[in-house]
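Close look at the chain arrangement
Listed here are the chains, written in short residue letters.
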Number of protein chains: 2
Amino acid sequence: MKTSKTEQEILQAATELFLEKGFAATSTTDIANRVGCNQALVHYYFRTKENLVRQVFMTNLEQILNLLDQPLPEGLDFFGIADYYIDIYYNYILGRPTAPLMIINELLTNPERREMVREIFMKNLRRQLMYYNLDQALKQAIEKGLIRQIETLDLLIDIASLTLASFLIAPIYADLLQRDAEAQKEFIIHRREETKLLIRLRLMPQKI
Amino acid sequence: MKTSKTEQEILQAATELFLEKGFAATSTTDIANRVGCNQALVHYYFRTKENLVRQVFMTNLEQILNLLDQPLPEGLDFFGIADYYIDIYYNYILGRPTAPLMIINELLTNPERREMVREIFMKNLRRQLMYYNLDQALKQAIEKGLIRQIETLDLLIDIASLTLASFLIAPIYADLLQRDAEAQKEFIIHRREETKLLIRLRLMPQKI
DNA sequence: TGCTTATTTAATAAACTTATTAAACTTTAT
DNA sequence: ATAAAGTTTAATAAGTTTATTAAATAAGCA
């Protein structure tokens, strides 16, 4: 009763198409065509398109959230920790560059999805603990004058913003300046280093 | 032959719905229902849905690009100029918070739209001149040691990334922490100031 | 006024969408 | 080998979508 090969292929094709064109613009017929199977088979395995959408959405969202779930690396200062997380996120998204857009897009246009996110958050106590630990560690470092005053949430949003936007902008950059896929990847690597520099300067305890 | 009231109403309703639900999820029947007119009327004025989509897309994109088209304010140093542009963008998007998502979404999922963007760029020589002027001014300031070494494109992308992401994250933030619209606006204002601080620190000529 | 043009509507064609059903085909397990 | 369970297909119902058409209504003006 473990998921069959065809079922996986359908899920895979659905994921690809949803990421390429968005949920609304993808039909179950499109999915079947990509797999090379009958359209009814999509419904046999997942019954409704909504189930399929939900599954793809949840899987991708959980993957992204789980990246934060790893323990803080030992023996690194905050500059090192920031770099470490920036690398993790850039590397992850390099592998599936349109996933964040799909997530963001669904979250913004579909209120039900936001309910799902709260569920995921509430369910995972470990993640809440991680946030609490980071918050405490930051506060101590600030008190000791090791880093500049910053809210924990702002630091995370700064990193997330710069990372996310790199991947939204990269394909547009490549197309506009008529660059190839290789140049696009270089652009992202370059933006990763710029992100690290920005965050480093944000945290460095010098007076403005 | 100037655009009739009904035509404007249709365009307005289409814009609203496209921004709320996305292009694919909005039907011409939805648009007619919001206006309170017959569905055929939508096609009478715009013939195809694609024409309507194109027009809404182009209008919003041009508005966003035109924000950069204003002359550099006099008597400001680069820190002041950066703040000035950050304010302009935040204020604009505050008025139409989902416009950037629609633009980004279309650009990423629909290759034809990227062609449109190149057209717009190439057509507007003044914008190219603006970029050239900014580039020159930055290079001089760097040479004189007034600001830290930075590529012009990176500075613009830094600002755009932080601004854009604020608006993508704000509604999710509000929903997740169950805050109201007022708190969401405050969040964005707060992020605007964090953006200014980040950019300021990025430009300040201190050794890392 | 009456003629012309513009706007609006109802009706509908043609294509496409999701989902179900019954029948055919494969596997698997005894 | 064969019965049971699982997989796949063709056919199709029911609904939606875009777009067109012809007829009805309203405006503009000579």
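Scroll up for the structure.
What this report covers is the structure whose coordinates are included nearby. (Residues numbered from 1 in each chain as written. Chains lettered and ligands numbered in written order. Predicted model: local features only at pLDDT ≥ 70, side-chain atom pairs only at ≥ 80, totals over all residues. Heavy atoms only, no water.)

Moving on, we come to the protein's contact with DNA strand C. Close to DNA strand C lie 18 residues; A:T28, A:K49, B:T6, B:N38 and B:Y45 are nearest. Put simply, 63% of the atoms of DNA strand C that lie within 4 Å of the protein are in sugar or phosphate. Between A:Q39 and DNA strand C, the recorded distance is 3.1 Å, taken from a side-chain N or O atom to a base nitrogen. B:Y45 is positioned such that a nitrogen or oxygen atom in its side chain is 3.0 Å from a phosphate oxygen of DNA strand C. Counting residues per element, the surface near DNA strand C draws most heavily on helix α3 (residues 39-46) of chain B, at 4 residues. Of the residues in the surface near DNA strand C, the class split is 6 nonpolar, 10 polar and 2 charged. (Near = heavy atom within 4 Å. Polar contact = N/O pair within 3.5 Å; in protein donor to acceptor, adjacent residues only side chain to side chain. Helix = DSSP H or I, 4+ residues; strand = E, 2+ residues; numbered from the N terminus. Nonpolar A, V, L, I, M, F, W, Y, C, P; charged D, E, K, R; others polar.)

On the side of chain B, 44 residues touch chain A, which itself brings 44 residues to the contact. Where chain A abuts chain B, roughly 4400 Å² becomes buried across the two surfaces, and 68% of that area is made up of carbon and sulfur atoms. Among the residues of chain A in contact with chain B, A:L108, A:L176 and A:L201 are the three that bury the most area, contributing 13% of the side total. Put simply, chain A and chain B have 8 salt bridges between them. Its salt-bridge partner being A:D175, residue B:R114 comes within 3.3 Å of it at the nearest N-O pair. Along the contact surface separating chain A from chain B lie 13 residue pairs in polar contact (both at pLDDT 80 or more). Those elements that place two or more of their residues in the side of chain A that touches chain B are α1 (5-21), α6 (99-109), α7 (111-123), α9 (152-176) and α10 (181-203) of chain A. For the side of chain A that touches chain B, the leading source of residues is α9(A), giving 15 residues. (Contact = heavy atoms within 4.5 Å. Buried area = accessible area lost by both parts, 1.4 Å probe. Salt bridge = Lys/Arg side-chain N within 4 Å of Asp/Glu carboxyl O.)

This paragraph deals with the packing of α10(A) against helix α10 (residues 181-203) of chain B. At a closest axis distance of 9 Å, the pairing of α10(A) and α10(B) adopts a crossing angle of 100 degrees. As summarised for this structure, α10(A) and α10(B) are arranged roughly perpendicular, according to the angle between their axes. For the pair α10(A) and α10(B), the contacting residues are A:E194, A:L197, A:L198, A:L201 and A:R202 in the first and B:E194, B:L197, B:L198, B:L201 and B:R202 in the second. Partitioning the contact of α10(A) with α10(B) into residue classes produces 6 nonpolar, no polar and 4 charged. (Axes fitted to C-alpha atoms, helices over the stretch in contact; angles between N-to-C directions. Parallel < 35°, antiparallel > 145°, perpendicular 65-115°, else oblique.)

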